[in-house]
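Close look at the chain arrangement
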Amino acid sequence: QNISISPKIKAMPNSTCKVSIIVPNYNYERYLKERINSILNQTYTDYELILLDDASTDNSAELLAKYKNHPKVSHVIINKENSGSPFKQWMKGILLAKGEWIWIAEADDSSKPNFLETCIEQIEKEENISFVYTGSNFMDQNSQILGGDFNKWNGRDKIKVATFPGKNLAEHNLYWRNTIINASAAVFSKNNALILQNEDFLEMKNCGDWLFWFRMALLGKVTEIYQNLNIYRHHQSQTKKGLATGRLWEELFPTILYMEKYLPTISKYKRKLCHASIYRQIRKTKNREIKRKLQAAYKKAFKSNPTLDYYFLKLNLHLSFIPWILTEDRDRLRKK
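So, a few notes on the structure that sits alongside this text. Along each chain, the written sequence defines residue order, and numbers are assigned to residues from 1. The model is predicted, so local features are restricted to residues of pLDDT at least 70 and side-chain atom pairs to those at 80 or more, both for listing and for counting; the totals for chains, interfaces and linings are taken over all residues. Side-chain measures here rest on the full set of heavy atoms in the structure, leaving out hydrogens and waters.

1. Some details on the nonpolar core
The criterion, for reference: Among the buried residues, those of types Ala, Val, Leu, Ile, Met, Phe, Trp, Tyr and Cys that are joined through side-chain atoms within 4.5 Å form a nonpolar core. Any residue under 20% of the maximum accessible area for its type is buried, any over 50% is exposed, and the rest in between are partly exposed; the area is computed with a 1.4 Å probe on protein chains only. We count a stretch as a helix when DSSP gives it H or I for four or more residues in a row; a strand needs E for two or more, and each element gets its number in order from the N terminus. Throughout, a contact is declared for two residues whenever any of their heavy atoms are within 4.5 Å.
Residues F131, F188, F212, W213 and I256 are the most contacted members of the largest nonpolar core, which totals 66 residues. For this core, the leading source of residues is helix α7 (residues 208-217), giving seven residues. Excluding anything up to four places from it in sequence, I256 contacts Y175, W210, C274, H275, I278 and F302. In this structure, V19, V23, I120 and I129 belong to the second largest nonpolar core, which totals 32 residues.

Encoded structure:
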């Protein structure tokens, strides 16, 4: 079905499938067939497929139009103008979804055939699940799998799966960093996501996903699946560009402050370590003008001296051989 674009989309009533899979695309024509094939080849089949294009300038629209009559495809929507935020596209798809669960399958990624089956299997084992997520392999722009431990589980994969209260996961995992490598790795509750349809993350461009998972975690339980079932395409050039221009940091400071507002019990010690960890990355910025700008933004946001915080972090790392010294990995939840 081809649907006209409406600026006011209401949530679709009455689920007629278990999962709604949303593919938000912008200029990823090169990878779309691989992405869509990885979805159509899933071993779990109770789903609809929603294809969204955010006014791409390549031939994505023509390619997506070829799928409009596929029995699994419920929507193909091509924006006439770019929305300005990938997270607005997320919410457009969520509002169109008929499924109880949502999988945002990013247009340039791929997945193992049993990704969805494994996620739904875990969802059905627990009540009040807000989202589940799997581990990820990284691949380059030519779909070659990259080596390295990007999930940083540090032995957790030996237990295969773990479920935690969402608030605990938000405080001990997501506060330090976004442990959900990208949206393609997760399946989440549509009802919980609809609660957030007017939240700040929709206006973001970089940290919106981090804030989204944080807020979702506060709405229920979270299951970590220690299998690499998602395949995330790592665009090295984009990452380097974001770090070089400082754009990746512009939304990070308010995101951390936002989380601290929701988790007022986090100790000052832990906050200082988290802030200093951010500043340690800022110190690597080569452009002096951007570095000065970020230093000033750090001081203003956290009301702290970044240099003193950095040396506080170095001292903490130096003493980390002591079992009771706090580190990110020691704070991260483990299944008991």
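2. Considerations on the packing of α7 against helix α10 (residues 252-262)
So the rule is basically this: Only the stretch in contact is used when a helix axis is fitted, and all axes are lines through C-alpha atoms; the angle between N-to-C directions ranges over 0 to 180 degrees. Angle categories: roughly parallel below 35 degrees, roughly antiparallel above 145, roughly perpendicular from 65 to 115, and oblique for all the rest. Under the scheme applied here, ten amino acids are nonpolar (Ala, Val, Leu, Ile, Met, Phe, Trp, Tyr, Cys and Pro), four are charged (Asp, Glu, Lys and Arg), and all others, including Gly, are polar.
The geometry of α7 relative to α10 is characterised by a closest axis approach of 10 Å and an angle of 10 degrees between their N-to-C directions. Classified by the angle their axes make, α7 and α10 are roughly parallel. Contacts between α7 and α10 involve W210, L211, F214 and R215 from the first element and L252, T255, I256, Y258, M259 and Y262 from the second. Of the residues that constitute the contact of α7 with α10, the class distribution is eight nonpolar, one polar and one charged.

3. Section: helix α11 (residues 268-282)
The following threshold applies: Any helix carries an expected span of 1.5 Å times its number of residues minus one.
Given a rise of 1.5 Å per residue, 15 residues ought to cover 21 Å, and the 21 Å separating the end C-alpha atoms of α11 matches this to within 8%. Tucked into the core, α11 has its buried residues touching α5 (166-174), α9 (247-250), α10, α12 (288-302), α13 (306-318) and α14 (328-331).

4. Some details on the packing of α11 against α12
Closest axis-to-axis distance for the α11/α12 pair is 11 Å, and the angle between their directions is 170 degrees. Put simply, α11 runs roughly antiparallel to α12. Within the contact between the two elements, α11 uses H275, A276, I278, Y279 and I282 and α12 uses K291, L294, Q295, Y298 and F302.

5. A word on the pairing of strand β9 (residues 186-189)
Note the threshold: Paired strands, in this sense, are two strands between which DSSP finds at least two bridges.
Looking at chain direction, strand β4 (residues 99-104) and β9 are connected through two bridges and run antiparallel. By the bridge assignment for β9, I102 is matched with F188. Bridge count between strand β6 (residues 129-139) and β9: three bridges; the pairing is antiparallel. Among the inter-strand pairings, V132 is bridged to a residue of β9, identified as V187.

6. Some details on the pairing of strand β3 (residues 73-78)
If a strand is regular, its side chains alternate between the two faces of the sheet. Under the convention used in this document: Orient the strands so they point away from the viewer; a crossover is then right-handed if the path from the first strand over the helix to the second runs clockwise.
For β3, the tally of buried residues reaches five of six residues, placing the bulk of the element in the interior. Remark: the strand β2 (residues 47-53)/helix α2 (residues 60-65)/β3 crossover connection has right-handed handedness.

7. With respect to the side chain of S110
Here S110 shows up in strand β5 (residues 110-111). Those residues in contact with S110 that sit more than four places away from it in its chain are E34, R35, S38, M139, N230 and I231.

8. A closer look at the environment of L196
Its location among the elements puts L196 in the loop between α6 (190-195) and α7. Beyond its immediate sequence surroundings of up to four residues, L196 is in contact with M91, F201, L202, F212, R215, M216 and L219.

9. As for the packing of aromatic side chains
Note the cut-off: Pairing of aromatic side chains here covers Phe, Tyr and the six-membered ring of Trp, requires ring centres within 6.5 Å, and sorts the geometry by plane angle: under 30 degrees stacked, over 60 edge-to-face, intermediate tilted.
Per the counting criterion, the structure on display carries 25 aromatic pairs. Ring geometry for W90 against W213: centres 6.3 Å apart, planes inclined by 50 degrees, an arrangement best described as tilted. In this pair, W90 sits in helix α3 (residues 86-96) while W213 sits in helix α7, placing the two residues 123 residues apart along the sequence. By the burial criterion, W90 is buried, and W213 matches it.

10. Observations concerning the environment of K314
By the element assignment, K314 lies in helix α13. Owing to a relative accessible area of 43%, K314 belongs among the partly exposed residues under this scheme. The spatial distance from the C-alpha of K314 to the C-alpha of A276 is 9.1 Å, given a sequence separation of 38 residues.

11. Thoughts on the pattern of salt bridges
Note the cut-off: The salt bridge definition used is simple: a Lys or Arg side-chain nitrogen within 4 Å of an Asp or Glu carboxyl oxygen.
Taken as a whole and judged by the stated rule, the model has 15 salt bridges. Here E260 makes a salt bridge to R271, at a shortest N to O gap of 3.9 Å. On the criterion of sequence distance, the pair formed by E260 in helix α10 and R271 in helix α11 is long-range, its members being 11 residues apart. Given a relative accessible area of 21%, R271 falls into the partly exposed group. The salt bridge involving R334 is made with D329; its shortest N-O contact spans 3.7 Å. Of the residues examined, D329 reaches a relative accessible area of 28% and is grouped as partly exposed.

12. Overview of α5
Considered for burial, the residues of α5 that qualify are G166, L169, A170, E171, N173 and L174. Buried-residue contacts for α5 involve β8 (161-165), α7, β10 (221-233), α10, α11 and α14.

Limitation: the analysis is restricted to geometry and does not speak to function.
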